[in-house]
Amino acid sequence: MTASVTVRVPAKVNVQLAVGGLRPDGFHDLANVFLAVGLYDEITVAPADELRVTCTGPDAGQVPLDRTNLAARAALALAERHGRDSRVHIHIDKDIPVAGGMAGGSADGAGALLACDALWGTGASREELLEICAELGSDVPFSLVGGAALGRGRGELLTPLEVGGGTFHWVFAVADGGLSTPAVYAECDRLREASGTGAGIADVPDPEASAALLDALRTGDAAALAAAVSNDLQAAAVSLRPSLAATLAAGTEAGALAAMVSGSGPTTAFLVTDETEATKVADALRASGTCRAVRVTSGPAAGATVLRS
């Protein structure tokens, strides 16, 4: 057996998050356009006397180290399916903001799954790995796939999307603390009810991906993408965390092409034209005092990838 395996897995930004009405099972149908970006966690797995999780990195203190961690759940799920010994040490070198709407926990689940598959030589098919990912959470399959994709259902039913040869440049402003994803969805439902439109599946149009947005991704046109990005959860995230409005305004005033809450937040994402503009917007956000940290990167990025084994 290999001594250890290390997998690198990217963060994501939702360039479109269209949220349907509240279903009877408590979920919402989504049209969720994911773009993987170059902020990464590295997951290393090695045989151990017991299943344990450790973590290092800027937000390591916020990461659960018990079996609720998606990385541990991924190892257990694969071990059960293939009759393997789940006693592994999973180490997460974390660089993706925690509880920031960038799928950091989902990335760890996908990374641990791929790493354990390589460590144990289970030979699981891509389809089986994606099936396990979907069981773990709505965002986990995309963390495995990377690039760009449209997620339907709860976001777990993926269709890969073509991205033009260009690179999309992003600045992310990391807020203090996190936001509960269920709480943001509940607030979205509350705001819809309060507006008089209703929040159920009979009240809200079925979510659809924007044709203009998909075309902008396909052609690599940042200005066209900026005009088409949208997030149905943004109003709810700002309602729960009003300070996000000041962060969004600071990035917009600094010249960002588009400013949006990333997923369920509270990280905010700013699309810019190039690296020079990224530096300018990042400096303005740091000076604004409206966020805890600022990160500059680009996409699309590759999905979960084995680095060392």
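Before any of the text, the structure's been laid out above.
Note that the structure is predicted; figures quoted are calculated from it, not measured. (Residues numbered from 1 in each chain as written. Predicted model: local features only at pLDDT ≥ 70, side-chain atom pairs only at ≥ 80, totals over all residues. Heavy atoms only, no water.)

### Here's the deal with the overall build of the protein chain
Here comes step 1: On a plain count of helices and strands, the protein chain comes out with 10 helices and 12 strands.
Here comes step 2: Against the globule reference of 19 Å for 309 residues, the protein chain gives a C-alpha radius of gyration of 19 Å, in line with a compact fold.
Here comes step 3: Taking the principal axes of the C-alpha coordinates as reference, the protein chain spans close to 55 × 45 × 35 Å.
Here comes step 4: With 309 residues in all, the protein chain has 52% of them scored as buried. (Helix = DSSP H or I, 4+ residues; strand = E, 2+ residues; numbered from the N terminus. Rg over C-alpha atoms; globule rule 2.2 N^0.38 Å. Buried < 20%, exposed > 50% of the residue type's maximum accessible area, 1.4 Å probe, protein only.)

### Thoughts on the sheet that holds strand β7 (residues 168-174)
Two orientations exist for strands paired in a sheet by backbone hydrogen bonds: parallel and antiparallel.
Here comes step 1: Ordered in space as β9-β10-β7-β11, the four strands form an open sheet in which the pairing is antiparallel. Strands with a single pairing partner mark the edges of an open sheet, and in this sheet they are β9 (258-261) and β11 (293-299). Direction aside, neighbouring strands of the sheet carry axes that sit 25° apart on average.
Here comes step 2: In this structure, β7 lies alongside β11, joined through seven bridges in antiparallel fashion. (Pairing = 2+ DSSP bridges. Axes fitted to C-alpha atoms, helices over the stretch in contact; angles between N-to-C directions.)

### Observations regarding the pattern of salt bridges
Here comes step 1: This model, assessed by the stated rule, comprises 17 salt bridges.
Here comes step 2: Measuring nitrogen to oxygen at the nearest pair gives 2.7 Å for the salt bridge that ties D29 to R23.
Here comes step 3: By relative accessible area, which is 19% here, R23 ends up buried.
Here comes step 4: A salt bridge links R81 to E135, with the shortest nitrogen-to-oxygen separation between them at 3.0 Å. With R81 in helix α1 (residues 70-82) and E135 in helix α3 (residues 126-136), the pair connects residues that are 54 residues apart, well separated along the chain. (Salt bridge = Lys/Arg side-chain N within 4 Å of Asp/Glu carboxyl O.)

### Quick notes on the packing of aromatic side chains
Here comes step 1: With the rule as written, the count across this model stands at two aromatic pairs.
Here comes step 2: When the centroid spacing of 4.7 Å and the interplanar angle of 10° are considered together, the rings of F34 and F142 count as stacked. A residue pair is termed long-range when its members are at least 10 positions apart, and F34 in strand β2 (residues 28-47) and F142 in helix α4 (residues 140-145) qualify at 108 residues.
Here comes step 3: When the ring of W170 is compared with that of F172, the centres are 6.0 Å apart and the planes differ by 20°; the resulting orientation is stacked. (Phe/Tyr/Trp six-rings, centres within 6.5 Å; stacked < 30°, edge-to-face > 60°.)

### Side note on α1
Here comes step 1: With 13 residues, α1 ought to run about 18 Å at 1.5 Å a step, and its terminal C-alpha atoms sit 18 Å apart, in line with that.
Here comes step 2: Inspection of α1 places L70, A71, A72, A74, A75, A77, L78 and A79 among the buried residues, and these make up the whole buried set.
Here comes step 3: Where α1 is buried, its residues touch β3 (52-56), β4 (88-93), α2 (104-120), α3 and α4.
Here comes step 4: After α1 finishes, the residue G83 shows a positive phi value of roughly 65°. (Expected span 1.5 Å × (residues − 1). Contact = heavy atoms within 4.5 Å.)

### Thoughts on unusual backbone geometry
Here comes step 1: At the junction of G265 and P266, the peptide bond is cis and its omega measures out at 5° in the coordinates.
Here comes step 2: Among the structural elements, P266 can be located in the loop between β9 and β10 (268-272).
Here comes step 3: Along the chain, G299 connects to P300 via a cis peptide bond; the corresponding omega equals 5°.
Here comes step 4: Among the secondary structure elements, P300 is positioned in the loop between β11 and β12 (305-308).
Here comes step 5: For A103, which is not glycine, the phi dihedral falls at a positive 65°.

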